[in-house]
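Analysis of the macromolecular model
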Amino acid sequence: MCDQTFMAATFGPCDSCGKTGPLMNIYIKNEPVNYCSFCVEVMAYRGLQKGETLETLRQESDTLKKKLEEERGKLNDVELHQVAEKIEVVGALSIKTRRVLKGHGNKVLCMDWCKDKRRLVSSSQDGKVIVWDGFTLNKENGVSLPCTWVMACAYAPSGCAVALGDGLDNKCSVIPLSLDKNENLATKKKSVAMHTNYVSGCTFTSSDMQILTSSGDGSCALWDVESGQLLQSFHGHTADVLSLDLSPSETGNTFVSGGCDKKSCVWDMRSGQNIQTFENHESDINCVKYYPSGDAFASASDDATCRLYDLRADREVAIYQKDSIIFGASSVDFSLSGRLLFAGYNDYSINVWDVLKVTRVSILFGHENRISRVCVSPDGTALCSASWDHTLRIWA
């Protein structure tokens with residue numbers, strides 16, 4: 001391409017191939033063109049300089065990656081568990097199942113807590129979304145959707161709405177909640193996001209007015225809930241994006257994503273730029289979660305490990321693994337203090353790790369199938385786990 005190139009992002013038909021999807025609005029010598037990511041790659045290929053090929057550019061990229069890893073390695077002077085040697089060991093944990101939520105007819109794929117610390121929402125392969133009262137086990141609201149595989153759900157910060165990521169129609173929808181249990185909430189469903197492949201994750205930003213989504217099309221996107229307009233798209237993954245998490249800081253403008261390309265990417269929501277990338281896992285990354293302070297994040301992978309990355313040091317600082325753990329990790333979340341890391345695995349168990357000592361302190365048993373989600377309540381007093389055994393469990 002040329003020196004006078006400016007890029008933004010919208011949603012619509014591509015000027016080159018005509019396919020509808022996320023577009024890059026490219027202004028070349030002040031002439032606007034709206035191309036999809038594939039057509040941009042084709043145009044870039046045609047614009048290669050003399051002697052350049054895709055293979056030579058790949059080799060140059062690999063060389064730069066190796067240099068970056070070497071620079072990171074020079075800063076790797078001490079391990080996290082060595083720094084934490086003088087810190088007291090975590091005592092025995094007495095965490096038990098206090099509630100079992102039954103009502104779904106198929107695999108529970110996702111859940112999220114409301115900020116009121118009491119209610120939670122769950123979505124399932126049966127096409128149902130249920131809002132629960134975690135104290136009484138009452139089902140406050142239920143929505144049956146026309147398509148199954150509701151792979152993602154999220155509570156709005158106000159507690160007045162929930163977002164749903166549909167796995168088969170590639171949409172993310174928002175449903176306002178009502179106190180009237182007889183009201184048909186499905187008729188109030190509003191589509192606010194559209195990807196070209198399944199929606200794997202969704203989360204509201206600091207308000208009810210914007211929502212972040214991740215998708216099997218390899219991208220993440222920021223949407224305006226009211227108008228359904230694409231505000232920013234995030235391209236950098238080379239395979240399905242399976243998870244995302246928003247920075248916990250109220251003034252934070254970053255989020256992290258993980259996917260099938262074994263990469264974790266940190267993004268700036270204002271510019272759409274990928275500001276940090278980590279490629280330490282050996283298989284798909286199923287879940288990413290920020291540390292409570294926002295200075296680090298954890299990832300869970302099919303390679304049977306969980307890893308901790310320090311954003312300030314720009315490197316991996318801990319690996320949570322044992323030789324006896326041979327099944328993939330599907331989900332992670334931190335305790336409110338950040339001292340404990342809860343990880344759900346495909347062998348139906350939840351392992352509790354000491355984040356600083358990098359040791360396992362407890363194992364929670366109870367589910368009868370793969371754990372799909374673990375999520376600590378906003379006040380840190382309880383942990384909820386969702387499973388393919390059709391149930392959710394609240395641990396405390």
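In this text the structure is predicted, and so the values were computed from the model without any measurement.

**Structural notes on the packing of aromatic side chains**
Within this structure, the stated rule accounts for eight aromatic pairs. Taken together, a centroid distance of 6.3 Å and an interplanar angle of 20 degrees make the contact between Phe255 and Trp267 stacked. With Phe255 in strand β18 (residues 254–259) and Trp267 in strand β19 (residues 264–268), this pair connects stretches of sequence that are 12 residues apart. Trp267 carries the same exposure label as Phe255, and that label is buried. Members of the aromatic cluster, joined through ring pairs, are Phe234, Phe255 and Trp267. When the ring centre of Trp388 is taken as reference, the NZ or CZ atom of Lys107 above it lies at 3.9 Å.

**Observations regarding the pairing of strand β7 (residues 128–133)**
Within β7, five of the six residues are buried, which leaves it mostly tucked inside the rest of the structure. Of the pairings in the sheet, the one linking strand β6 (residues 119–124) to β7 comprises five bridges and is antiparallel in character. By the bridge assignment, Ser123 is partnered in β7 with Val129. Count of turn residues in the β6/β7 antiparallel hairpin: three residues, of which Gly127 carries a positive phi of about 85 degrees. Note that β7 and strand β8 (residues 139–144) share five bridges and pair antiparallel. Following the sheet pairing, Trp132 is matched in β8 by Lys139.

**Overview of the sheet that holds strand β25 (residues 329–334)**
Pairing within the open sheet is antiparallel, and its four strands lie in the order β25-β26-β27-β28. This sheet does not close on itself; its edge strands, each paired only once, are β25 and β28 (359–364). Pairs of neighbouring strands in the sheet enclose a mean axial angle of 25 degrees, with direction left out of account. Of the pairings in the sheet, the one linking strand β27 (residues 350–354) to β28 comprises five bridges and is antiparallel in character. When the sheet's bridge partners are listed, Asp354 is paired in β28 with Thr359.

About the thresholds
- Each chain has its residues counted from 1, following the order in which its sequence is written.
- The model is predicted, so local features are restricted to residues of pLDDT at least 70 and side-chain atom pairs to those at 80 or more, both for listing and for counting; the totals for chains, interfaces and linings are taken over all residues.
- Where side-chain values are given, they derive from all heavy atoms of the structure, hydrogens and water being excluded.
- Between rings of Phe, Tyr and Trp, where Trp is taken as its six-membered ring, a pair exists when centres lie within 6.5 Å; planes separated by under 30 degrees are stacked, by over 60 edge-to-face, and by other angles tilted.
- Strands here are runs of E lasting at least two residues and helices are runs of H or I lasting at least four, both read from the DSSP assignment and numbered beginning at the N terminus.
- Note on classification: 1.4 Å probe, protein chains only; a residue is buried when its accessible area is under 20% of the maximum for its type, exposed when over 50%, partly exposed between these limits.
- Criterion for a charge above a ring: Arg CZ or Lys NZ at most 6 Å from the ring centre, at most 35 degrees from the ring normal.
- When DSSP finds two or more bridges between two strands, those strands count as paired.
- To get an axis, fit a line to the C-alpha atoms, keeping to the stretch in contact for a helix; angles then go from 0 to 180 degrees between the N-to-C directions.

Function-wise, these values are silent; they only describe arrangement.
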